[in-house]
Amino acid sequence: MKLKTIKVTFVAVAALFGYSNNASAQTQLRADNIDEVIKEMTLEEKCHLVLGCGMHFNDDTKFPGTAGSSYAIPRLGIPSIYCADSQQGLRMSASRAWDHRDYYPTDFVASMTLAATWDREVAFAVGQGIGNEVKEFGLDWILAPSMNLIRNVLCGRNHEYYSEDPYLSGTIAAGYVNGVQSEGTAACPKHFVANNQETNRNNNVSRISQRALRELYLKAFEICVKESNPWTIMTSYNKLNGPYTVEDYDLLTTIVRNEWGWKGMFVSDWNAGKDAVLAMKAGNEMLQPGQDKQYQAILDAVKSGKLSLDILNKNVKRILELVVRSHNFKGYNYSNEPNLKAHAKTVREVGADGIVLLKNSSVLPLTGKNVALFGNTSYDIISGGSGFGGTSVGHYTVSLVEGMRNAGFNVNKQLLNKYKRHIDEGYKKLNPNGKPAFSITPPARPEELSLTAEDLAQAVAATDVAIITLGRKSGEAADRPKAEFYLTDGEKAMIKAVSEAYHKAGKKVVALLDICSPIDVASWQNQVDGLVCTWQGGQEMGDAVADVLSGKVNPSGKLPMTFQINYGDAYADKNFPAEVSKDMLGSMFMWGYGQKEMKPREPQKDIDFTNYEEDIYVGYRYFDSFGKPVAYPFGYGLSYTTFAYNDLKVTQKNDSYEVSVTIKNTGDKAGRNVVELYVAAPNSKKANKPAKELRNYTKTKLLQPGESQTVSMTVKTSDLASFNEQKSSWITDAGNYRFLICSSSADVEASQSVKVKAWKQRVHNVLKPQTKLNLLHR
Ligand code: BGC
């Protein structure tokens, strides 16, 4: 009794003098005493802090199913901060042991859907929704946005990436990061940099010219860094022109910190790189998920003088700077109840905004109410990719059938029943032990149902229109085989049979592309009347698609990448692992997660190294500059209305150009229009520059028929620069540049020639390829 009284009295006195109970004299971390705290840390604590604490796969961790956390040092008031993959939504288990509640975050849209909106505000809204859910579920930091360039249509992670163009990728990523961070949640653009294939992703060397690096691969990140100041950046698995990106001082420190002035924290991809000490020296502050041998190596290196304590302290400081910004450090009282309803509404709107109308021979919006849905994917919709950045553990996905019914359509029941049986049986055969809950690579899907003459006759008689859905799913850790670009025999037979039967009866056919990356459309699209690229729209996908098909939403999406005619048409296809055998892939599957070390052998093209011989000619920069035909160009997309472009004006203001143009809705339906601004450099061919490059874009408000809006965009003289390797400089040559207002990279709507003054900026001569590359030249 007496003892208790004494204790109470001490606490009361301590409180009076502002001491906390557990730390009478111990320094506690605050935003303004980081250096002081570092002085109090032991060497061992510092070595722990620069490493993660393992992945939270187990059910008994605080946030089961999430990617990791940072090391806590309670005696110094340093809490753990928690991170999760969240490209399309917070990736976390939906249930927890000893807990009756559900933890379902929203399944937002796949990255391509977002990029196809060409709308920075929409990217902000999605980022904000995700950032808010991360905060309300108690975490601090998301491992997104993934923003590698789409260099090749078969890359396994294309569903996580935005575009083939660095400006579109960088600005959409910046919108997303700004949204995430507006909630006080840290974002993490990744995978820095040139991680453009999954095959042998932990060992492959991307060999790239300094110019292509600067103008394309680094550029996307540079734009994102400058427009959104992400608090963290994730380095990638691959090597770049020699070293691992994780261990490359010139990449991380010389370029990102010294040239771009970025002050955030680098975190490695999970188990990336080989040498933890080199990573520390390069400025890669945190290595995740952390390995014992990394701890030992860093500790030993400091003790032996191989790693200076100053460097370790600098790295620790950046980590603590992140910690003090975190929700957990601030003691945020999270609700576990984000506004899922509001976020679902955003998903539906964004899902529809990103849909791209490719072809419309008077079939859309649909007029009849009776529809026949063909193709397995019509009943087994793909709302996102697989892997850590794919679709999450959402508790529902609005199916296409549901979406169409919600919009007032009657879905043919005979077909529905037949497809349902076929798909259920198909999955049973593929997974006799039940469907796996999570798969990093795309799970196998049943083969296309073969339709009988009776199926078709019944459907044609009972419905007004046929809707065929084709689906492709990509996933992490494996690139897709070339065959995935083309249609299967089953798909071809279905399109032919359905189109012939419907056309014979004077009825029309619409094809939907539920895809993660472009596929062949050129060889078969003349058989259908409408072609709609729905991409992968998250949990509300069925409703979003129905909104566009019914005309409730007028499509305004534009392609964020080129649809090539054949695989092999893009110059980059010459150097990509399109035909790697499955055995080979198996042995290369993610070291650290069980990948076998590869036996020493002669380095193989596209597996051990990939020569980016296309140089700067990626995507439309190639097709457009070399006059190669495409199925659909970058930036393409139709509307249910039409637009006119008038009064283009370009006004110079100091070092920038203000471009304005008036857009008029000349059709009979309300709609929004993306306005694309490209600039063509003088003598581009002689100067070995792309014929034109995207330099800005904007989107009109919803314009009523007959309504006009004047939109404006800015371009700086420095934005027009190319990278000159001989001079290690960004150079804008003086001359007459053509400012082009376009409705796609191949459709110029208005243009003006503008006299531009020279501009130059010298940068560091770093990241040189170590082998001579046979680069494409105009
Ligand atoms: C992926 C990253 C991801 C990390 C943590 C890696 O396999 O490449 O994108 O953030 O795992 O889950």
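Rules used in this analysis
Residues numbered from 1 in each chain as written. Predicted model: local features only at pLDDT ≥ 70, side-chain atom pairs only at ≥ 80, totals over all residues. Heavy atoms only, no water. Helix = DSSP H or I, 4+ residues; strand = E, 2+ residues; numbered from the N terminus. Rg over C-alpha atoms; globule rule 2.2 N^0.38 Å. Buried < 20%, exposed > 50% of the residue type's maximum accessible area, 1.4 Å probe, protein only. Areas by Shrake-Rupley, 256 points an atom, 1.4 Å probe, with all protein chains shown as cover. Lys, Arg positive; Asp, Glu negative; His and termini not counted. Charge placed at Lys NZ, Arg CZ, Asp CG, Glu CD. Salt bridge = Lys/Arg side-chain N within 4 Å of Asp/Glu carboxyl O. Core = buried A, V, L, I, M, F, W, Y, C linked by side-chain atoms within 4.5 Å. Contact = heavy atoms within 4.5 Å. Near = heavy atom within 4 Å. Polar contact = N/O pair within 3.5 Å; in protein donor to acceptor, adjacent residues only side chain to side chain. Pairing = 2+ DSSP bridges. Disulfide = S-S within 2.5 Å. Axes fitted to C-alpha atoms, helices over the stretch in contact; angles between N-to-C directions. Parallel < 35°, antiparallel > 145°, perpendicular 65-115°, else oblique. Left-handed = near helix turned anticlockwise from the far one by under 90°. pLDDT = per-residue confidence, 0-100.

Colleague: Looking at this model, I keep getting lost on the overall build of the chain. Mind explaining?
Modeller: Assigned secondary structure in the chain consists of 20 helices and 24 strands. For the chain, the C-alpha radius of gyration of 27 Å lies close to 28 Å, the compact-globule estimate for 778 residues. Along the three orthogonal principal directions, the C-alpha set of the chain runs to about 95 × 70 × 60 Å. Expressed as a percentage of its 778 residues, the buried residues of the chain come to 61%. Carbon and sulfur atoms make up 50% of the accessible area of the chain, which totals about 29900 Å². Between the mean site of the 90 positive side-chain charges and the mean site of the 84 negative ones, the chain shows a separation of 3 Å.

Colleague: Which parts of the structure should I look at to understand the pattern of salt bridges?
Modeller: A side chain with one charge can pair with a side chain of the opposite charge if their charged atoms come near. The final tally for this structure, using the stated rule, is 37 salt bridges. In the salt-bridge network here, residues are joined through shared partners; they are R157, E160, E198, R201 and E476.

Colleague: Help me understand the nonpolar core, please; the structure alone is not making it clear to me.
Modeller: Across soluble globular proteins, nonpolar side chains show a tendency to be buried alongside one another. Counting residues in hydrophobic clusters, the biggest one holds 78 residues, and the most contacted among them are L366, F374, L513 and F563. Per-element accounting of this core gives the leading share, six residues, to helix α18 (residues 541–550). Not counting residues up to four positions away in its chain, the partners in contact with F374 are L415, Y419, L451, L456, A459, A466, I467, I468, T469, M494, V498 and Y502. Counting 77 residues, the second-largest nonpolar core is a separate cluster that includes I130, I142, M147 and A282.

Colleague: Help me understand the site of the ligand, please; the structure alone is not making it clear to me.
Modeller: Taken together, 16 residues are adjacent to the ligand, and D85, R157, H191, D269 and E476 come closest. In this structure, H191 approaches the ligand through a side-chain N or O atom, which is 2.7 Å from an oxygen atom. A distance of 3.2 Å separates an oxygen atom of the ligand from a polar side-chain atom of R201. Contact with the protein chains covers 100% of the free accessible surface of the ligand, which is 310 Å².

Colleague: Please explain the pairing of strand β13 (residues 530–533) as it appears in this structure.
Modeller: Taking every second residue as pointing to the same face, both faces of β13 are buried, with G530 and V532 on one and L531 and C533 on the other. Here strand β8 (residues 356–360) pairs with β13 via four bridges, running antiparallel. The partner of L357 across the bridge, within β13, is V532.

Colleague: How should I be thinking about the environment of K263 in this particular structure?
Modeller: Along the chain, the position of K263 falls in the loop between α8 (249–259) and β7 (265–268). In the structure, K263 is positioned 34 residues away from N229 in sequence and 8.4 Å away in space, judged by C-alpha atoms. Those residues in contact with K263, other than ones at most four positions away along the chain, are R257, R318 and E321.

Colleague: What should I look at first to understand the state of the cysteines in this one?
Modeller: Cysteine pairs can be covalently joined through their sulfur atoms, and such a bond is termed a disulfide. As enumerated under the stated definition, the model contains zero disulfides in all. You can see C53 has no disulfide; the closest cysteine sulfur is in C83, sitting 9.7 Å from it.

Colleague: What am I meant to see in the packing of helix α12 (residues 340–353) against α18 here?
Modeller: Between α12 and α18, whose axes approach to 8 Å, the crossing angle comes to 50°. By the angle class used here, α12 and α18 are oblique. Considering the relative orientation of α12 and α18, their crossing is right-handed. Taken together, the residues of α18 that come into contact with α12 (itself represented by R348, G351 and A352) are D543, A544, D547 and V548.

Colleague: I would appreciate a short explanation of the confidence of the model for the chain in the present structure.
Modeller: Do not read the predicted coordinates in detail wherever pLDDT is low. Averaged over all residues, the pLDDT of the chain is 93; the fraction at 70 or higher stands at 94%. At the low end of the mean pLDDT range in the chain sits helix α1 (residues 2–16), at 38; at the high end sits β8, at 99. A low-confidence stretch, residues 1–23 (pLDDT under 50), is modelled with five contacts involving residues beyond four sequence positions or located in other chains.

Colleague: Hey, could you run me through the sheet that holds strand β19 (residues 708–716) in this one?
Modeller: The strands making up a sheet associate through backbone hydrogen bonding, with each pair oriented either parallel or antiparallel. Pairing is antiparallel in the open sheet, where three strands are placed in the order β15-β16-β19. Looking at which strands have only one partner, the edges of the open sheet turn out to be β15 (643–653) and β19. Adjacent strand axes in the sheet meet at a mean angle of 20° when their direction is disregarded. Pairing between strand β16 (residues 656–665) and β19: nine bridges, direction antiparallel. The partner of V659 across the bridge, within β19, is M713.

Colleague: In this structure, what is going on with the environment of A680? I would like to understand it.
Modeller: Relative to the helices and strands, A680 resides in strand β17 (residues 674–680). With 57 residues separating them in the primary sequence, A680 and Y737 have C-alpha atoms 5.7 Å apart. Not counting the four nearest positions on each side in its chain, A680 is found in contact with A691, K692, Y737, R738 and L740.

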